[in-house]
There are 2 protein chains.
Amino acid sequence: MTKLKKAATKQSLKVDLDRLRDNLYELAKIGYNEEDKGIYRTAFSDADMEARRWLVERIEESDGKAHIDEAGNVFGKWFDDIDKPSVLVGSHTDSVPAGGMFDGALGVLAGLETARVLKDQKFKPKRPLELVSFADEEGLFGGMFGVQAFCGKVTLDWMKTASTVEGLRIFDAMEAQGLEPMKVLNIARKPETIHAFLELHIEQGPVLETKGLNIGVVEGISGVYKWVVTLKGKANHAGTAPMNMRSDAFMGLVDFAHEIPRIIEEDGTENSRLTVGMVELKPGNPHTVPGEVEFSIVGRDMKNSIMRNLANSCQKVLATIARRHNLHFDFAEHSWLDPYQCHEDIIDSFSRQAKALDLSAVVMPSGAGHDTQFMAEIVPAGMIFVPSVGGISHAPDEWTNWPDVENGANVLLNSVAEFLMQN
Amino acid sequence: MTKLKKAATKQSLKVDLDRLRDNLYELAKIGYNEEDKGIYRTAFSDADMEARRWLVERIEESDGKAHIDEAGNVFGKWFDDIDKPSVLVGSHTDSVPAGGMFDGALGVLAGLETARVLKDQKFKPKRPLELVSFADEEGLFGGMFGVQAFCGKVTLDWMKTASTVEGLRIFDAMEAQGLEPMKVLNIARKPETIHAFLELHIEQGPVLETKGLNIGVVEGISGVYKWVVTLKGKANHAGTAPMNMRSDAFMGLVDFAHEIPRIIEEDGTENSRLTVGMVELKPGNPHTVPGEVEFSIVGRDMKNSIMRNLANSCQKVLATIARRHNLHFDFAEHSWLDPYQCHEDIIDSFSRQAKALDLSAVVMPSGAGHDTQFMAEIVPAGMIFVPSVGGISHAPDEWTNWPDVENGANVLLNSVAEFLMQN
C-alpha cells in the first residue's frame, strides 16, 4: 500500500450545515414522486440527467470547473492551477426507484460543501480538489457503471450486452440522453493523477444508531458470495407418510439454517454474515411433504479466508444433513467477490479527524457495495458512514438526522483538507 | 356404535385375479394419456362419464342391476330380492389429472369381483349386495361430491357456488354431461337401508411396503387441520445488518420447524403428522434479510384431543420464538376436520379374514381422505389398504403388485360375505 504522509490540521474546519441542507432538499426535488414520496433518479433517466446538470450549475457557481464525461460522471475541480495529483471526493446522485434523499447525494453534496468551505477559508492546498458524482452506482445496468468506466473496467462486450432487468440496453438509454456510449471506453482515468479518493455515505444499516456512535470509519467493503443450494428428497402426501419415513427437503434446510449461528461462532468473525433470503419449496403445497427445496446462501466477511471457511462449513453441514434426511444435495456458487480494503492512512485520518471533532467513531466493514470499492483497486481510497435512522435505506423513509449529516461532512472536510496539504 | 354380529365363514373364498386384472387394465384405458402415461378421469369429464357407463355394462353382464344417480354415482345391486339393508362395497373411478390406475378403481372393481365370485359360488346371502362408484372423490369441485350427496350433505348453496380452481362450475360441468344438478338434493340415501360399507383402497403411503405387511386395516381417517402462519420482522440489507441486529422472519420459522420432532414426541402419537409444505418469504431476495414469512402447518392425528394439543404446542413455541427473534406472530386456522373412526366390528372382521387367509395385517390410520369417512358418519363403515410401491400415488407410476391386489380383494370378498350372512 502507498504510504500517505500524515499532516494534521491545527484547528478543525466546519461546514455550513444550512447551505448543505438547502442543497440536499433542492436535489431531492429532482425525480421526487409526490405519490410514494420516493426519489426516482435511476441511471440515465431524465431526472438523473437533470440532477447531473443541476450539479454542474452548483459547481460552477462555487467557482469550480465542471464537466460531464461520456459515462455521465459529473466532475468539478478547484485549485486546478496546481499541477499535482488531485484529492478526489464524491459519491453518486443516481437512486434506486423510490429511493431516499441521502443515499449517494450526501457524499456528493458534502464534497461540494468541502470545496466551498476551503474556497471561503482561502485555504492554500498543495494539490487540486476534485468532486465526482459517478453514474449508475445503483447498478441499474448490472454493474457500477460510472466508477468502473472511470477505473477502466468497462469493456466493449459489456457495453454491448448490459441492460436493465426489463431489457433496456445501456446503449439505448445513454444515446437517448445524448451521450456517446462508444466513447466510454476511452475515459479511463490514469491512477497516477489521483492522490486519494474519499467518500461520505449513509450507513444503510443499524450499527451506528444502535451503538449510539457518530461516525463509522469503513475498513473495507465485505467480500460476498452467493450460493444456490438444492436439496432433493421425495414429495409425499402429508397424511400418508409417517414422520420417520419422509425425505423432507424443507426439514433438511431447517436443520442447516439452525446451524448458521454455530457456523459463524466457530468459523466466522463479528463481520461475518450468512443469510438465507430466497427459499422455493416444490411442490409448495400445504398437504404435500416438500420433495425439493432451492435456497440461497449469501455469505460475507472482510477476509477472503474467513469467507472460504464459512463456505466450507456450510458445505460440510449440508452434506451431513443431506445424509441424515436421505436427501440429494447440490449447490452452485453463483458469485464470489473478494473483499476490498480501504487504505490504512485514510482510515487513520478519518479516525483522527473524528476524534479532533470530539465525535465517537468505530472502524467497521461496509456490507453494501460502494463506488469506493472500485476506487480502492487503483488508488488509496476510503469512506465514512453516518447513522441511518432505523437502518433504513433504498426507501422513501430513508433518513439521517441533521447533526449526523453535519458531523459526517465535517470529518470529510477535515480529512480532505489533510490530504490536500500532503506533498 | 351399532354392534354387528360376528359370523365367521368356514373356508375363505377366493377372487379370480385374472378377471380382476383384466378389468383394471380395461378401465385404465379410459382417459389414458399416451404422452405422460397418466390417467385423466377428472369428475364429469368425458372420460369419467365413459368409465361410469363402462362400469354399468360390467355390472349388467355380471347379472347386477345397474343405475347412475343424478350425482353421477354408479350403483350395482345383486340378491335384490332380499328385503333387507344392503352390504355396500365400493370406492370411486374418477382420478386426479395424470393419476394412476389403482386409486379408487381397485376398490370398485374388487367390489365387482366380489359380486361375481358370490354369484359363481351360488352364495346364499341374508342381505343384498350393492356396489358403488362415487363421483368426484378426488375433490375437483372442492368436496367429495358423490358420497356427500349420497349421505345428504350437499346443500343448494354449495351446489350454486362449487367450482374447480380454474372456475368451472359443477352446475355447468354436470349439465354438459346430461345430468340434472338440482335433482342431486333429492338423492340422499336413508342410512337404515345400508347394513355396512366396506372399501378396499391402495395405501398411497410407504408404511405397508416398508414394514413388509400385506394388509392395512384402517382404524379411521386422521383428523386434519391447516394453519397459515405469518411471522413479521424487518427486511434488511443482508450486508449492512449484523446477525444480532436482525429480525429475520425466516430464522423464526427455522427455530419453530426445528422443534417439530420434539412437539410430536411430547404431545403426539405415532399417528401424528406435522408438515410445513408451503413457505413464502418476503421479499424473497437472496441479498435481503427476509422481513416476513408466511407458511402452512398441516397437523394430523386420529384423536381430536391430540390434534388440539399439537396445535396448542405449535402456538406456544411460535409465540416464544417470535419474542426471541423480535417478530410479530399471527396465524389463521383455515380448516379443522375431526377424525373419523371406522366401525370396530368391521376392523375386527377385516383383521380376522386377513388372518384366515394367512396374511399379515396391521391396524393403521388413513392419513388421506376417502369416501369411507363420509359413510362412517351415517352407517358402520370400514376400509383396508394394500401396499403402494414406493408409497407413490396420484401419479402415472402409482403401482400395486398383483399378489397384493389379490390379497386385498380376497380380504374384502370374505368380509363382505361375512356381513352378507348377518341377520
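Residues numbered from 1 in each chain as written. Chains lettered and ligands numbered in written order. Predicted model: local features only at pLDDT ≥ 70, side-chain atom pairs only at ≥ 80, totals over all residues. Heavy atoms only, no water.

Residue and element names in this part refer to chain B. Between helix H1 (residues 17-28) and helix H2 (residues 46-61), the least distance of the axes is 10 Å, while the angle of their chain directions is 150°. Relative to H2, the element H1 lies roughly antiparallel. Of the two possible hands of crossing, H1 and H2 adopt the one that is right-handed. Residues Asn23, Glu26 and Leu27 of H1 pack against Ala51, Trp54 and Arg58 of H2. The residue inventory of the contact of H1 with H2, partitioned by class, reads 3 nonpolar, 1 polar and 2 charged. (Axes fitted to C-alpha atoms, helices over the stretch in contact; angles between N-to-C directions. Helix = DSSP H or I, 4+ residues; strand = E, 2+ residues; numbered from the N terminus. Parallel < 35°, antiparallel > 145°, perpendicular 65-115°, else oblique. Left-handed = near helix turned anticlockwise from the far one by under 90°. Contact = heavy atoms within 4.5 Å. Nonpolar A, V, L, I, M, F, W, Y, C, P; charged D, E, K, R; others polar.)

The next thing to look at is the nonpolar core. Core analysis: the biggest nonpolar cluster contains 82 residues, and Leu24, Leu118 and Met375 of chain B have the highest contact counts within it. At 10 residues, helix H13 (residues 402-420) of chain B tops the list of elements feeding residues into this core. Ignoring any residue separated from it by four or fewer positions in sequence, one finds Leu24 of chain B in contact with Met101, Phe102, Ala105, Leu106, Leu109, Trp402 and Val405 of chain B. Judged by nonpolar contacts, the second largest core, of 68 residues, contains Val15, Ala28, Trp54 and Phe350 of chain A. (Core = buried A, V, L, I, M, F, W, Y, C linked by side-chain atoms within 4.5 Å. Buried < 20%, exposed > 50% of the residue type's maximum accessible area, 1.4 Å probe, protein only.)

Residues and elements named next belong to chain B. Burial analysis of strand S3 (residues 86-92) places 7 of its 7 residues in the buried class, which makes it a mostly covered element. Residues of S3 alternate between two faces, with Ser86, Leu88, Gly90 and His92 on one and Val87, Val89 and Ser91 on the opposite face, all of them buried. Taken together, the 4 bridges between S3 and strand S5 (residues 194-202) define a ladder with parallel strand orientation. Opposite Val87, over in S5, you have Ala196 as the bridge partner. As paired elements, S3 and strand S4 (residues 129-134) share 6 bridges and run parallel to each other. Residue pairing across strands places Ser91 opposite Ser133, the latter belonging to S4. Crossover S3 to S4 through helix H3 (residues 105-120) is right-handed. (Pairing = 2+ DSSP bridges. Right-handed = clockwise from strand over helix to strand, strands pointing away.)

Looking now at the domain arrangement of chain A. All names here are of chain A. Segmentation of chain A into domains returns domain 1 (17-219 + 339-420) and domain 2 (223-337). Facing 6 residues of domain 1, the contacting portion of domain 2 comprises 9 residues. Regarding the contact of domain 1 and domain 2, the summed buried area is about 630 Å², with carbon and sulfur atoms giving 59% of it. If you sort the residues of domain 1 by the area they bury against domain 2, Pro339, Pro365 and Gly367 come out on top, with a joint share of 69%. For the interface between domain 1 and domain 2, the tally reads 0 salt bridges. Considering only residue class, the side of domain 1 that touches domain 2 consists of 3 nonpolar, 2 polar and 1 charged. (Domains from an automatic or database assignment. Buried area = accessible area lost by both parts, 1.4 Å probe. Salt bridge = Lys/Arg side-chain N within 4 Å of Asp/Glu carboxyl O.)

Turning chain B through 180° and shifting it by 0.1 Å along the axis lays it on chain A, with an RMSD of 0.2 Å. With respect to symmetry, the two chain copies, as superposed, fit the operation of a two-fold axis. When C-alpha positions in chain B are compared against the rotation axis, the closest is assigned to Val254 of chain B, at 2.5 Å. When the interface residues of chain B are mapped onto chain A, 98% of them again fall at the interface, so both copies present the same face. (Least-squares fit on C-alpha atoms with pLDDT ≥ 70 in both.)

A few words now on the environment of Gly233 of chain A. All names here are of chain A. One can find Gly233 in the loop between strand S7 (223-232) and strand S8 (236-237). Spatially, the C-alpha atoms of Gly233 and Gly268 are 30 Å apart, while their sequence positions differ by 35 residues. If near-sequence neighbours (up to four positions away) are discounted, Gly233 is found in contact with Ser247, Ala249, Gly291, Asn326 and Leu327.

Next up on the list: the interface of chain B and chain A. The partner chain A presents 52 residues to the 52 residues of chain B that form the contact. When chain B packs against chain A, close to 4100 Å² is buried across both sides, 66% of that on carbon and sulfur atoms. Its largest share of buried area at the contact with chain A, chain B owes to Thr240, Met245 and Pro286 of chain B, together 14% of the area lost on that side. Here chain B and chain A share 0 salt bridges between them. Our count for the contact surface shared by chain B and chain A stands at 12 residue pairs in polar contact (both at pLDDT 80 or more). Counting only elements with at least two residues in the side of chain B that touches chain A, the list comes to helix H7 (207-211), strand S7 (223-232), helix H8 (249-258), helix H9 (260-267), strand S9 (273-275), strand S10 (279-282), strand S11 (288-289) and strand S12 (292-301) of chain B. Among the elements that line the side of chain B that touches chain A, the one with the most residues is H8 of chain B, at 7 residues. When its residues are assigned to classes, the side of chain B that touches chain A shows 26 nonpolar, 18 polar and 8 charged. (Polar contact = N/O pair within 3.5 Å; in protein donor to acceptor, adjacent residues only side chain to side chain.)

With that out of the way, let us pick up the packing of aromatic side chains. The geometry of an aromatic ring pair is captured by two quantities: the separation of the ring centres and the angle between the planes. As enumerated under the stated definition, the model contains 32 aromatic pairs over all chains in all. A centroid spacing of 6.1 Å and a plane angle of 45° characterise the contact between Phe44 of chain B and Phe141 of chain B, whose relative ring orientation is tilted. Here Phe141 of chain B lies in the loop between S4 and helix H4 (145-150) and Phe44 of chain B lies in the loop between H1 and H2, a separation of 97 residues in the sequence. Here Phe141 of chain B falls in the buried class, since its relative accessible area comes to 2%. Taken together through their ring pairs, the aromatic side chains of Tyr225, Trp227, Phe329, Phe331 and Trp336 of chain A make up a single cluster. Against the face of Trp402 of chain B rests Arg21 of chain B, its NZ or CZ located 5.4 Å from the ring centre. Positioned over the ring face of Trp336 of chain B is Arg308 of chain B, at 3.9 Å from the centre of the ring. (Phe/Tyr/Trp six-rings, centres within 6.5 Å; stacked < 30°, edge-to-face > 60°. Lys NZ or Arg CZ within 6 Å of the ring centre and 35° of its normal.)

On the surface, a nonpolar cluster with roughly 220 Å² of combined accessible area is contributed by Leu156, Met182 and Leu185 of chain A. Positionally, Leu185 of chain A belongs in the loop between helix H6 (170-176) and strand S5 (194-202). (Patch = residues over 30% accessible without salt bridge, like charges linked within 9 Å, V, L, I, M, F, W, Y side chains within 5 Å. Areas by Shrake-Rupley, 256 points an atom, 1.4 Å probe, with all protein chains shown as cover.)

All names here are of chain A. At their nearest, the axes of helix H8 (residues 249-258) and helix H10 (residues 304-325) sit 9 Å apart, and the two run at 140° to each other. Taken together, the axes of H8 and H10 are oblique relative to one another. Crossing geometry of H8 relative to H10 is assigned as right-handed. Here H8 contributes Met251, Gly252, Asp255 and Phe256 to the contact with H10, which in turn contributes Cys314, Val317, Leu318, Ile321, Arg324 and His325. For the contact of H8 with H10, the class distribution of residues is 6 nonpolar, 2 polar and 2 charged.

This next bit is on unusual backbone geometry. Leaving glycine out, the prevailing phi sign among residues is negative, and the prevailing peptide bond configuration is trans. With omega at 5°, the peptide bond leading from Lys282 of chain A into Pro283 of chain A counts as cis. Within the secondary structure, Pro283 of chain A sits in the loop between strand S10 (279-282) and strand S11 (288-289). The phi angle at Ala98 of chain A is positive, at roughly 60°, despite the residue not being glycine. By secondary structure assignment, the location of Ala98 of chain A is in the loop between strand S3 (86-92) and helix H3 (105-120). Here Phe79 of chain B, not a glycine, exhibits a phi torsion of approximately 55°, which is positive. Relative to the helices and strands, Phe79 of chain B is located in the loop between strand S2 (74-78) and S3.

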